[in-house]
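Remarks on the overall topology
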Amino acid sequence: MSSGFLAPRGTRDVLPPESALWQRLESVFRDLCARFRYEEIRTPVFEDTRLFSRGIGDSTDIVNKEMYTFTDRGGRSLTLRPEGTASVVRAYVQAKLGGPNHLSKFFYVCSIFRYERPQQGRYRQSHQLGVEAIGSPGPDIDAEVIGLNAALYAELGVGELAVHLNTIGCQECRPAYRDRLRHQLRSRLDEFCPDCQRRFETNPLRILDCKVPRCGELSADIPSILDALCPACVAHWDGLRRALDAIDVGYQVDPKLVRGLDYYTRTAFEFKSNAIGSQDSLSGGGRYDGLVELCGGRPTPGIGFAAGIERALMAMERAGAAVAKGTRPSVFVARAGEAARSAALRLMHELREAGIAADTDYFDRGLKAQLRSADSTGAWLALIVGDEEMAEGAVALRDLVSGEQVRVPRAQALDRVRSLLAARNGANRS
Ligand code: HAM
């Protein structure tokens, strides 16, 4: 490498104009959350390592292989958050939120850190939009969360996607299913991949959604968990499907969807796109009815999802929906001559104070070059301040689209700009 620095492996810079797309995506999400009545939560970038090892699960890939863990100068083991849910639940418990019949609805936009092998759509620092609804045990809130996720992608225009839906049971019915799985898989265990052999001991359900094709073939004839649910899980599952039908969210039942975090109970779902390559999961989520208690709170149910921002943008690009309006000035302030320097700066200051996007030339170029640069910024109007105009207490107002130019009294410049912009915006709308 030369003497310059590069962004660390697995990270990337978001530069303009791409950053405008990120802003659009976040603002669509924030607007949607406001309509669904979720409120923003921001938690620290790092937490006590035990929060994640306990919350996400010691046996998961995330905790085993992917965490950015360090000891700080005070000897504490801290970890950069590999996901948002555990932190939100920790904050919920710490602030003593909740109570009987109380539902807390949060949303977040955050970076996450996982030491994974970087590839297209997979980064070591990536970004998520997510929601967590903590407090309601019933299936209607599951449907709301999945519906919000679906509405997000519909409004962003990510193109075709598939909603995979499953239930992975609860403490009542899962242990028996787990035993049955072990019993059925034991005889061919040595044919599975090393990860699955480890999962056999720690969490055999995860074998079902192993991405290694041979493991998929080996577990193809395993009976579905859907046939092993307890009555309460069946009622929840039926209620969820009725609620999804009521709000027009289509889905496909995928009995092999287990997901890679141990806190899930009952509902698990993933939104997949077939347009973004092997990292096809756009978002994922599910119910975590034991997590609040695991984090030291009273037993409280919860459900949420998180959507990868980078992957949403990839899907939008493939669908031709990755268009964002760049920021462009409405008015470009040009000046002719040194004497007009302060007057031009003052004019631009007043425009900006009046809420009008304005820009100027910072290279002491001649008037012609300034107007060329004004054109290239996409500005509609130019205000030109020169010696002659100043002597008359006026400024030149030029329409950069038609090329027409008039002289207006300085005192009326702002009002004229405002009414021209209002007329143009009106015309654009019609
Ligand atoms: P997750 O499935 O681990 O779930 O991540 C959710 C989404 O984050 C993925 O579908 C993907 O779009 C994105 N993502 C994850 N890792 C990376 C990466 N290395 N590079 C790029 N994108 C990535 C969770 O994180 C759970 N906390 C979701 C949840 C919320 N469950 C309940 N509430």
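Structure: see above.
Residues numbered from 1 in each chain as written. Predicted model: local features only at pLDDT ≥ 70, side-chain atom pairs only at ≥ 80, totals over all residues. Heavy atoms only, no water.

Observations concerning the side chain of T167
Here is the rule: Here a helix means four or more residues in a row that DSSP labels H or I, a strand means two or more in a row labelled E, and each is numbered from the N terminus. Polar contact criterion, stated in full: a pair of N or O atoms within 3.5 Å, where within protein one must be able to donate a hydrogen and the other to accept it, and residues adjacent in sequence count only if both atoms are side-chain atoms. It only takes one pair of heavy atoms within 4.5 Å for two residues to be counted as in contact.
Along the chain, T167 turns up in strand 7 (residues 162–167). Within the local environment of T167, its side chain forms a polar contact with the backbone nitrogen of G169, the two atoms lying 3.4 Å apart. T167 has contacts with I225, L226, L229, W237, R266 and T267, leaving out every residue within four places of it along the chain.

Quick notes on helix 12 (residues 341–353)
Since one α-helical turn is 3.6 residues long, residues separated by three or four positions face the same way. Where we set the bar: For a helix, the expected span equals 1.5 Å multiplied by the number of residues minus one. Burial here depends on accessible area, computed with a 1.4 Å probe over protein chains only, as a share of the maximum for the residue type. Under 20% is buried, over 50% is exposed, and the range in between is partly exposed. This arc corresponds to the set of directions leading from the helix axis out to the C-beta atoms.
In this model, helix 12 (13 residues) spans 18 Å end to end at C-alpha, consistent with the 18 Å of a helix rising 1.5 Å per residue. For helix 12, the set of buried residues is A344, L347, M348 and L351. Looking straight down helix 12, one finds that the buried residues subtend no more than 95° of arc, so they occupy a single side. Pointing more than 90 degrees away from the buried face of helix 12 are the exposed residues S342 and E353. Positive phi shows up at G355, right after helix 12, with a value of about 90°.

A short note on the environment of V253
Its place among the elements puts V253 in strand 8 (residues 252–253). It is 14 Å that separates the C-alpha atoms of V253 and V234, two residues lying 19 residues apart in sequence. When neighbours within four sequence positions are excluded, V253 is seen to be in contact with L165, L226, W237 and R241.

A look at the pattern of salt bridges
Convention followed: The term salt bridge refers to a side-chain nitrogen of Lys or Arg lying within 4 Å of a carboxyl oxygen of Asp or Glu.
For the structure shown, the criterion picks out 36 salt bridges. Between E40 and R30 there is a salt bridge, with its nearest N and O atoms 2.8 Å apart. In this pair, E40 is assigned in strand 1 (residues 39–40) and R30 in helix 1 (residues 18–36), connecting sequence segments 10 residues apart. For E40, a relative accessible area of 31% corresponds to the partly exposed category. A salt bridge links D179 to R182, with the nearest nitrogen and oxygen atoms 4.0 Å apart. Within this pair, D179 and its partner R182 are both found in helix 6 (residues 174–185), separated by three residues, close to a single helical turn.

Points about the sheet that holds strand 3 (residues 68–71)
Let me state the cut-off plainly: A pair of strands is considered paired only if DSSP assigns at least 2 bridges between the two. Only the stretch in contact is used when a helix axis is fitted, and all axes are lines through C-alpha atoms; the angle between N-to-C directions ranges over 0 to 180 degrees.
What the three strands build is an open sheet, ordered 2-4-3; its pairing is antiparallel. Only two strands of the sheet have a single neighbouring strand rather than two, namely strand 2 (46–48) and strand 3. Each strand of the sheet is rotated relative to its neighbour by a mean of 35°, with strand direction disregarded. Here strand 2 pairs with strand 4 (residues 77–80) via three bridges, running antiparallel. Along strand 4, the bridge assignment pairs D48 with L78.

Structural notes on the site of the ligand
This is how it is decided: In these notes, residues near a molecule or strand are those with any non-hydrogen atom within 4 Å of it. Here the Shrake-Rupley method, with its probe set to 1.4 Å, supplies the accessible areas, and only the displayed protein chains count as covering residues.
As a matter of local geometry, the ligand sits amid 28 residues, with E83, E116, Y123, Y264 and S281 nearest to it. At 3.1 Å, a side-chain N or O of Q128 approaches an oxygen atom of the ligand. Here G308 contributes a backbone N or O atom positioned 3.2 Å from an oxygen atom of the ligand. Starting from 660 Å² of accessible surface for the ligand in isolation, the protein chains cover 96%. Sorting the residues of the shell around the ligand by element identifies strand 5 (104–113), strand 6 (125–134), strand 10 (281–287) and strand 11 (302–308) as the ones contributing at least two each. Broken down by element, the shell around the ligand gets its largest block of residues, six residues, from strand 10.

Here we look at helix 1
Between its first and last C-alpha, helix 1 extends 27 Å over 19 residues, near the 27 Å set by a 1.5 Å rise per residue. Buried within helix 1 we find A20, L21, W22, L25, V28, F29, L32 and C33. Each element contacted by the buried residues of helix 1 is listed here: strand 5, strand 6, helix 5 (139–156), strand 11 and helix 11 (309–318). R37 lies just past helix 1 and shows a positive phi near 65°.

Considering the pairing of strand 14 (residues 381–386)
The buried fraction of strand 14 is high, at six of six residues. Across the two faces of strand 14 the burial is the same, with L381, L383 and V385 and A382, I384 and G386 all buried. As paired elements, strand 12 (residues 331–336) and strand 14 share six bridges and run parallel to each other. In the sheet register, F332 faces strand 14, and the bridge partner there is A382. Relative to strand 15 (residues 394–399), strand 14 runs antiparallel, the two sharing four bridges. Opposite L383, over in strand 15, you have L397 as the bridge partner.

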